[in-house]
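Listed below, chain by chain, are the residues.
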Amino acid sequence: MSDDFTDLEHELQQLRPRAVPAPLVGRVAKDLAEPPRRRGILAEWRTWILPAAAAAVLAVTVTSIPFIVREGAITQETVAARAPSDSAGTASPSAQAARLHPVRATNVLYDAVDEGIVYLDADTPAQRMRLSYLDTITWENPRGGESLQWTVPREEIFFVPVTAN
Amino acid sequence: MHRDDLNDGSRMEESSDHEPWTQWLRQHGPRLLLLARQWTRSAADAEDVVQDAFVRFWRHQRKLPGSPFALLVTSVRRAAIDLGRRESRRTAREEAALAGEPAEAWFEPEMDGNDERRAALEAAIRALPEAQREVIVMKIWNEMTFEEIGRALDCPANTAASRYRYAMAALRRELNAPVR
């Protein structure tokens, strides 16, 4: 089949999309007549409070891991000191867990959305960007080879000041 | 005003300062509405999307650097996606009522009495998959290049061009098919 669509293109171009209905013009007029909503950054709390809370929990968890692991390791050392004949294979579950060490933390940016203009204060427009990540933390037992992987979604919202020419 | 005028920032600023927004909306609104209609479930939704995008554009974005038309197309698409997310919570009853509404024509009736052909063309376009329809609408009525279409749809220009060729071939096949 020929790929020359000139005639069909010409015929399609003759079709005129429907006109803008008068009520729509009226609604736009009403919107433009109203002063723009000046939404401050604090008014946007609903959009950032959950991601911020999730990020905070994640940060606390990640920074706590070395302490948790260290605590477990001390316990294991203590147990080993008290019972030298106790082999690694019969260690308690907490001691097993303590052998996992965080070895890798990665984040993958999988979506970036430009959410349009907002006002940081009365006269400061800014472009609001929302970035979505997947954070993955991996623990491994350097001796036994067991590993544990934890993946959580995370969002970041930031504002880029806009200047008009 | 031709679409090229929109891509010329200086000319657009000059014209918008001297022309009311109503004239601009009446001239370019029809193809934006047609575009919005590809991403929404009803004519009313398409109007809401264009209203939202146009007001934002006129207030905040028309003096930004770059192509105002591309910005507006992106804005319309984003507003349609946002609306789609909100509307996904519609009840089954509302959906059924919407499905029962008569489909509103996308194009003006032909004055030369050849409205049957217009109806056939429109029906063939409506029958295309959305990914092909949106490219056809952007290319034919919004006069966008494949590069611009690719940027707007987050796909390579070659993909946009392929979809366009598939769509045109499907339209020709449908329009040349014997009447069932």
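## Some words on the interface of chain B and chain A
Here's step 1: Taken together, the contact pairs 43 residues of chain B with 36 residues of chain A.
Here's step 2: Between chain B and chain A the total buried area reaches about 3900 Å² when both faces are included, carbon and sulfur atoms providing 64% of it.
Here's step 3: Ranking the residues of chain B by area buried against chain A places R59, E108 and R172 of chain B at the top, with a combined share of 16%.
Here's step 4: Scanning the region where chain B abuts chain A turns up 5 salt bridges.
Here's step 5: Two residues, R117 of chain B and E11 of chain A, come together in a salt bridge whose shortest N-O distance is 2.5 Å.

## Observations concerning the packing of helix α2 (residues 22-33) of chain A against helix α4 (residues 43-61) of chain B
Here's step 1: Two numbers describe how α2 of chain A lies on α4 of chain B: the axes approach to 10 Å, and their chain directions differ by 35°. Crossing geometry of α2 of chain A relative to α4 of chain B is assigned as right-handed. Packed against α2 of chain A, whose contacting residues are L24, R27, V28, D31 and L32 of chain A, the element α4 of chain B presents E47, D48, Q51, F54, V55, W58 and R59 of chain B at the interface.
Here's step 2: Taken together, the residues of the contact of α2 of chain A with α4 of chain B break down into 6 nonpolar, 1 polar and 5 charged.

## A closer look at the sheet that holds strand β3 (residues 147-161) of chain A
Residues and elements named next belong to chain A.
Here's step 1: Read from one edge to the other, the open sheet built from 3 strands follows the order β1-β2-β3, with strand pairing classed as antiparallel. A strand with exactly one partner marks an edge of an open sheet, and here the two such strands are β1 (101-121) and β3. Within the sheet, the average angular offset between the axes of one strand and its neighbour, ignoring direction, is 10°.
Here's step 2: Examined bridge by bridge, strand β2 (residues 124-140) and β3 share 15 bridges and lie antiparallel to one another. Note on β3: the bridge partner recorded for E140 is S147.

## Details of the pattern of salt bridges
Residues and elements named next belong to chain A.
Here's step 1: This model, assessed by the stated rule, comprises 16 salt bridges over all chains.
Here's step 2: Ionic pairing is found between E156 and R154, a salt bridge with its closest N-O pair at 2.7 Å.
Here's step 3: The class of E156 is partly exposed, set by a relative accessible area of 32%.
Here's step 4: Here the residues in one salt-bridge network are E115, R128, R130 and E155, joined through shared partners.

## Here's the deal with the packing of aromatic side chains
Here's step 1: One pass over the structure, following the stated rule, counts 8 aromatic pairs over all chains.
Here's step 2: Feature note: the residues W21, W24, F54, F57 and W58 of chain B constitute an aromatic cluster, connected by ring pairs.
Here's step 3: The lysine or arginine in question, R154 of chain A, covers the ring of Y133 of chain A, its NZ or CZ lying 4.4 Å from the ring centre.
Here's step 4: Taking the ring centre of F146 of chain B as reference, the NZ or CZ of K139 of chain B above it sits at 4.5 Å.

## A short note on the side chain of R31 of chain B
Residues and elements named next belong to chain B.
Here's step 1: You can see R31 is positioned in helix α3 (residues 21-38).
Here's step 2: Classification of R31 as buried rests on a relative accessible area of 10%.
Here's step 3: A polar side-chain atom of R31 sits 3.5 Å from the main-chain carbonyl oxygen of W141.

## Examining unusual backbone geometry
Residue and element names in this part refer to chain B.
Here's step 1: One non-glycine residue with positive phi stands out, namely E143, at about 55°.
Here's step 2: Phi at D154 takes a positive value of approximately 55°, unusual for a residue other than glycine.
Here's step 3: With respect to the helices, strands and loops of the structure, D154 is situated in the loop between α9 (146-153) and α10 (157-176).

## Looking at the confidence of the model for chain B
Residue and element names in this part refer to chain B.
Here's step 1: When pLDDT is averaged along chain B, the result is 80, and 77% of the positions lie at 70 or above.
Here's step 2: Ranking the helices and strands of chain B by mean pLDDT puts helix α8 (residues 130-141) first, with 95, and helix α2 (residues 9-18) last, with 41.
Here's step 3: With pLDDT under 50 throughout, residues 4-19 is counted as low confidence; its partners more than four residues away or in other chains account for 24 contacts.
Here's step 4: Model confidence for the complex is summarised by a pTM of 0.57, with the ipTM given as 0.79.

## Here we look at α2 of chain A
Side chains three or four residues apart in an α-helix point the same way, a direct result of the helix having 3.6 residues per turn.
Here's step 1: In this model α2 of chain A runs 16 Å from its N-terminal to its C-terminal C-alpha over 12 residues, within 8% of the 16 Å that 1.5 Å per residue would give.
Here's step 2: All of the buried residues in α2 of chain A are L24, V25 and V28 of chain A. Along α2 of chain A, the residues classed as buried sweep out an arc of 100° about the axis, all on the same side. Opposite the buried face of α2 of chain A, by more than 90 degrees, sit the exposed residues A22, P23, K30 and A33 of chain A.
Here's step 3: Among the structural elements, α3 and α4 of chain B are those in contact with the buried residues of α2 of chain A.

Rules used throughout
- Residues numbered from 1 in each chain as written.
- Chains lettered and ligands numbered in written order.
- Predicted model: local features only at pLDDT ≥ 70, side-chain atom pairs only at ≥ 80, totals over all residues.
- Heavy atoms only, no water.
- Contact = heavy atoms within 4.5 Å.
- Buried area = accessible area lost by both parts, 1.4 Å probe.
- Salt bridge = Lys/Arg side-chain N within 4 Å of Asp/Glu carboxyl O.
- Axes fitted to C-alpha atoms, helices over the stretch in contact; angles between N-to-C directions.
- Helix = DSSP H or I, 4+ residues; strand = E, 2+ residues; numbered from the N terminus.
- Left-handed = near helix turned anticlockwise from the far one by under 90°.
- Nonpolar A, V, L, I, M, F, W, Y, C, P; charged D, E, K, R; others polar.
- Pairing = 2+ DSSP bridges.
- Buried < 20%, exposed > 50% of the residue type's maximum accessible area, 1.4 Å probe, protein only.
- Phe/Tyr/Trp six-rings, centres within 6.5 Å; stacked < 30°, edge-to-face > 60°.
- Lys NZ or Arg CZ within 6 Å of the ring centre and 35° of its normal.
- Polar contact = N/O pair within 3.5 Å; in protein donor to acceptor, adjacent residues only side chain to side chain.
- pLDDT = per-residue confidence, 0-100.
- Expected span 1.5 Å × (residues − 1).
- Arc of directions from axis to C-beta.

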